[in-house]
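One letter stands for each residue in the lines below.
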Amino acid sequence: MIKNLIFDFGKVLVDYDFMALLTGYFGEDTERLDQMCRLFLSPGFIDRCDREAVPFSEIIREEQKNHPELADGLQFFHDRYADFVTGEVPGMKELLCRLKANGYRLYGLTNWNSVVHEVMRRYESIFGLLDGRVISSEEHFIKPEREIYECLCSRYGLDPSECLFADDKAVNVEGALKAGMNAVVFTDAARYINDLETYGVKTD
């Protein structure tokens with residue numbers, strides 16, 4: 001029986017749009033925008049930021065040394081990071097309120113650098129509904145590594161078989177399944193409600 005509902009943050013509880021803000025910053029300088037996007041989308045960059053084995057600001061300084069032509073853009077990325085979040089995912093706050101009223105425990109499990117705390121302050125009305133959370137930059141593990149799922153269960157005394165995890169990335173869902181949790185790929189609130197009902201979770 002499902003007792004605990006676990007949520008990724010980005011694209012599940014809150015939405016974000018990096019391209020809109022970066023495009024606004026670089027304007028017609030499409031060459032540097034393309035360079036920034038290539039760096040941003042490179043396999044190691046975001047994972048390194050999310051793991052934060054060294055502070056986020058230090059990672060940015062190192063990248064500025066490696067890519068001096070993008071130094072200002074990287075500083076903008078650092079200074080305005082929380083502004084990339086555009087708002088709550090429609091329908092999710094209301095759903096979390098109902099789930100909490102129905103007695104389910106709600107937890108967060110996210111890959112995010114330390115700026116996540118500013119995001120959580122801005123959107124306290126939804127993040128404040130969580131009973132606990134594990135953040136990659138604090139643990140220095142990232143999804144889909146097994147250790148981060150086990151960290152959540154150990155910290156809050158959760159039985160993985162009683163947990164249902166939702167993430168927009170299939171690879172992270174696979175990680176949760178390997179850690180013994182139930183898990184679904186999140187697309188939107190309506191589809192998630194259907195998934196919950198499949199697992200016998202009361203949503204109304």
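Anything mentioned here points back to the structure above.
Quick caveat: nothing in here was measured; it's all calculated off a predicted structure.

Draft legend 1. Examining the sheet that holds strand β4 (residues 105-110) more closely. Strand order in the open sheet formed by five strands is β5-β4-β1-β6-β7, with parallel pairing between adjacent strands. What marks the edges here is a single partner per strand, and that holds for β5 (132-135) and β7 (182-185). In this sheet, adjacent strand axes meet at a mean angle of 20° when their direction is disregarded. As paired elements, strand β1 (residues 4-7) and strand β6 (residues 163-167) share four bridges and run parallel to each other. Within β6, the position partnered with Leu5 by the bridge is Leu164. Lying over the sheet, helix α10 (residues 146-156) contacts β1, β4, β5 and β6, oriented at roughly 150° with respect to β5. Across the sheet, helix α11 (residues 170-178) lies against β6 and β7, angled at about 170° from β7, the strand it touches most.

Draft legend 2. Looking closely at the pattern of salt bridges. For the structure on display, the rule yields 20 salt bridges. The closest approach of N and O atoms between Lys169 and Asp168, which form a salt bridge, is 3.7 Å. For Lys169, a relative accessible area of 39% puts it in the partly exposed group. One salt-bridge network, held together by shared partners, links Arg80, Asp83, Glu118, Arg121 and Arg122.

The rules we used
- Residues numbered from 1 in each chain as written.
- Predicted model: local features only at pLDDT ≥ 70, side-chain atom pairs only at ≥ 80, totals over all residues.
- Heavy atoms only, no water.
- Pairing = 2+ DSSP bridges.
- Helix = DSSP H or I, 4+ residues; strand = E, 2+ residues; numbered from the N terminus.
- Axes fitted to C-alpha atoms, helices over the stretch in contact; angles between N-to-C directions.
- Contact = heavy atoms within 4.5 Å.
- Salt bridge = Lys/Arg side-chain N within 4 Å of Asp/Glu carboxyl O.
- Buried < 20%, exposed > 50% of the residue type's maximum accessible area, 1.4 Å probe, protein only.

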